[in-house]
Amino acid sequence: MRNNFTAVPKLIDSGDIGPHGNTGYWRFCCNIRYDCWGNGYATEAAQAMMDYARKAFGVTHFCASHAEPNLASGRVIAKCGLEFVRYGIWSKLDGSCKMRSMEYERVEV
Ligand SMILES: CC(C)(COP(=O)(O)OP(=O)(O)OC[C@H]1O[C@@H](n2cnc3c(N)ncnc32)[C@H](O)[C@@H]1OP(=O)(O)O)[C@@H](O)C(=O)NCCC(=O)NCCS
């Protein structure tokens, strides 16, 4: 019997952007499937989310962060035009692991 699902596209990433509490900044994040790393997808996705936020909501203040050892994330954030502003604390959702984070911001005038 023919499999009608062979052409179904595979999901390669997830991400989000939205207001960061009441700071006035919008925060974004993305995750790329491991076997798809290194193709520019995270940068493309992050820039697309920022463009959408600008056009649909007039956002001018962006922020993002990553666990300090995750240098690829820092590079993606830098390629989106954000600059390092301070260290913070990164924590797994279940609290089982904490480490220093690097926090970035971009303000467009
Ligand atoms: C971080 C992550 C999103 C990057 O996705 P990606 O699609 O591979 O990213 P891109 O290809 O757009 O860019 C990666 C950049 O990091 C660089 N890079 C990769 N590994 C690196 C390392 N160990 N040290 C420094 N830079 C590194 C790449 O060279 C590239 O920069 P370049 O274009 O200047 O060469 C992906 O690794 C991931 O999903 N990680 C797990 C989840 C995570 O940490 N998410 C981030 C939280 S916001």
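The rules behind each value
- Residues numbered from 1 in each chain as written.
- Predicted model: local features only at pLDDT ≥ 70, side-chain atom pairs only at ≥ 80, totals over all residues.
- Helix = DSSP H or I, 4+ residues; strand = E, 2+ residues; numbered from the N terminus.
- Buried ≥ 20, exposed ≤ 12 C-beta atoms within 10 Å, placed from the backbone.
- Contact = placed C-beta atoms within 7 Å.
- Near = placed C-beta within 6 Å.
- Core = buried A, V, L, I, M, F, W, Y, C linked by C-beta atoms within 7 Å.
- Pairing = 2+ DSSP bridges.
- Axes fitted to C-alpha atoms, helices over the stretch in contact; angles between N-to-C directions.

## Side note on the overall build of the protein
Within the protein one finds 2 helices and 5 strands. Listing every helix and strand of the protein by position from the N terminus yields β-β-α-β-α-β-β. Principal-axis analysis of the C-alpha atoms gives the protein an extent of 55 × 35 × 25 Å. For the protein, buried positions account for 17% of its 109 residues. Long-range contacts, defined as pairs at least 24 residues apart, comprise 48% of the intrachain contacts of the protein with a sequence gap of at least 6.

## Here's the deal with the site of the ligand
Contacts to the ligand come from 19 residues, most closely from Trp37, Ala42, Thr43, Leu71 and Arg75. At the level of elements, strand 2 (26–32), helix 1 (41–57), strand 3 (61–67) and helix 2 (71–79) are the ones that each hand at least two residues to the shell around the ligand.

## What about the nonpolar core?
One finds Phe28, Cys30, Ala42, Ala46, Met49, Phe62 and Ala64 to be the most contacted residues of the largest nonpolar core, which totals 17 residues. At 5 residues, helix 1 tops the list of elements feeding residues into this core. When residues no more than four places from it in sequence are discounted, the contact partners of Met49 are Gly15, Ile17 and Phe28.

## Let's talk about the sheet that holds strand 2
Across the sheet, which stays open at both edges, the 5 strands sit in the order 1-2-3-5-4 with mixed pairing between neighbours. The open sheet terminates on both sides in strands that have one partner only, identified here as strand 1 (13–19) and strand 4 (83–91). Direction aside, the axes of adjacent strands within the sheet are offset by 25° on average. On top of the sheet, helix 1 reaches strand 1, strand 2 and strand 3; it is set at about 150° to strand 2, its chief contact. Strands strand 3 and strand 5 (98–107) of the sheet are contacted by helix 2, whose axis makes an angle of about 165° with strand 3.

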